[in-house]
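Listed below, chain by chain, are the residues.
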Amino acid sequence: IEKGVDASEFLKSLIKYLRQILLLKIDQNLSNVFIEELTAETKERLLNYAKEIPENNLRKTVKAFMEAQAKIRYSPIPQLPIEIAIIEVTESSSD
């Protein structure tokens with residue numbers, strides 16, 4: 001973000017990536033929804049993440065980052081909502 005990356009675009013990409021993992025967690029056949037845009041290596045990585053990360057954690061993470069994305073435009077420090085979301089996600093994961 002400090003190197004010129006737009007915070008909103010960063011979160012949009014991150015949420016899309018997490019959504020793909022969540023869809024694969026629910027049903028691996030759902031990869032057909034987005035398979036055309038993935039390399040074999042990326043699909044394998046997503047499948048591994050889907051196996052390792054609990055669904056509840058994925059849902060909480062997606063929700064936290066979606067809320068952060070909505071707050072970015074009103075924040076005087078664009079990365080602050082992202083940082084708070086990361087703290088919330090990591091705290092809830094360690095419980």
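We now turn to the structure provided with this report.

Definitions and cut-offs
- Residues numbered from 1 in each chain as written.
- Predicted model: local features only at pLDDT ≥ 70, side-chain atom pairs only at ≥ 80, totals over all residues.
- Heavy atoms only, no water.
- Helix = DSSP H or I, 4+ residues; strand = E, 2+ residues; numbered from the N terminus.
- Buried < 20%, exposed > 50% of the residue type's maximum accessible area, 1.4 Å probe, protein only.
- Patch = residues over 30% accessible without salt bridge, like charges linked within 9 Å, V, L, I, M, F, W, Y side chains within 5 Å.
- Areas by Shrake-Rupley, 256 points an atom, 1.4 Å probe, with all protein chains shown as cover.
- Salt bridge = Lys/Arg side-chain N within 4 Å of Asp/Glu carboxyl O.
- Expected span 1.5 Å × (residues − 1).
- Polar contact = N/O pair within 3.5 Å; in protein donor to acceptor, adjacent residues only side chain to side chain.
- Core = buried A, V, L, I, M, F, W, Y, C linked by side-chain atoms within 4.5 Å.
- Axes fitted to C-alpha atoms, helices over the stretch in contact; angles between N-to-C directions.
- Parallel < 35°, antiparallel > 145°, perpendicular 65-115°, else oblique.
- Left-handed = near helix turned anticlockwise from the far one by under 90°.
- Contact = heavy atoms within 4.5 Å.
- Nonpolar A, V, L, I, M, F, W, Y, C, P; charged D, E, K, R; others polar.

**Some details on the environment of Leu30**
- If you trace the backbone, Leu30 turns up in the loop between α1 (7–26) and α2 (40–52).
- Residue Leu30 is classed as partly exposed on the basis of its relative accessible area of 27%.

**A closer look at a nonpolar patch on the surface**
- Taken together, the side chains of Ile77, Leu80 and Ile84 make up a nonpolar region of the molecular surface, amounting to roughly 230 Å² of accessible area.
- Locating Ile77 in the fold gives a position in the loop between α3 (55–72) and α4 (80–94).
- On the basis of relative accessibility, which here comes to 41%, the residue Ile77 falls in the partly exposed class.

**Some remarks on α1**
- For α1, built from 20 residues, the straight-helix expectation of 28 Å at 1.5 Å per residue is met to within 8% by its first-to-last C-alpha distance of 28 Å.
- The complete set of buried residues in α1 reads Ala7, Leu11, Ile15, Leu18, Gln20, Ile21, Leu22, Leu23 and Leu24.
- For α1, the N-terminal cap is Asp6; the gap from its side-chain oxygen to the backbone nitrogen of Ser8 is 3.1 Å.

**Describing the nonpolar core**
- Core analysis: the largest hydrophobic core is formed by 20 residues, its most contacted members being Leu11, Phe65 and Ile82.
- Sorting the residues of this core by element identifies α1, α2, α3 and α4 as the ones contributing at least two each.
- A total of seven residues in this core trace back to one element, the largest contributor, which is α1.

**Some words on the packing of α1 against α3**
- Packing of α1 against α3 leaves a shortest axis separation of 10 Å and a crossing angle of 160 degrees. As judged from the angle between their axes, α1 and α3 are roughly antiparallel. Crossing handedness for the pair α1 and α3: left-handed. Contacts between α1 and α3 involve Ala7, Ser8, Leu11, Lys12, Leu14, Ile15, Leu18, Arg19, Ile21, Leu22, Lys25 and Ile26 from the former and Glu55, Leu58, Arg59, Thr61, Val62, Phe65, Met66, Ala68, Gln69 and Ile72 from the latter.
- Tallied by class, the residues present in the contact of α1 with α3 amount to 14 nonpolar, three polar and five charged.

**So, the packing of α1 against α2**
- Where α1 contacts α2, the two axes come as close as 8 Å, and the packing angle between them is 65 degrees. When the interaxial angle is binned, α1 and α2 end up roughly perpendicular. Crossing geometry of α1 relative to α2 is assigned as right-handed. The residues of α2 that touch α1, namely those facing Tyr17, Gln20, Ile21, Leu24 and Lys25, are Thr42, Arg45, Leu46, Leu47, Tyr49, Ala50 and Lys51.
- Grouping the amino acids of the contact of α1 with α2 by side-chain chemistry returns seven nonpolar, two polar and three charged.

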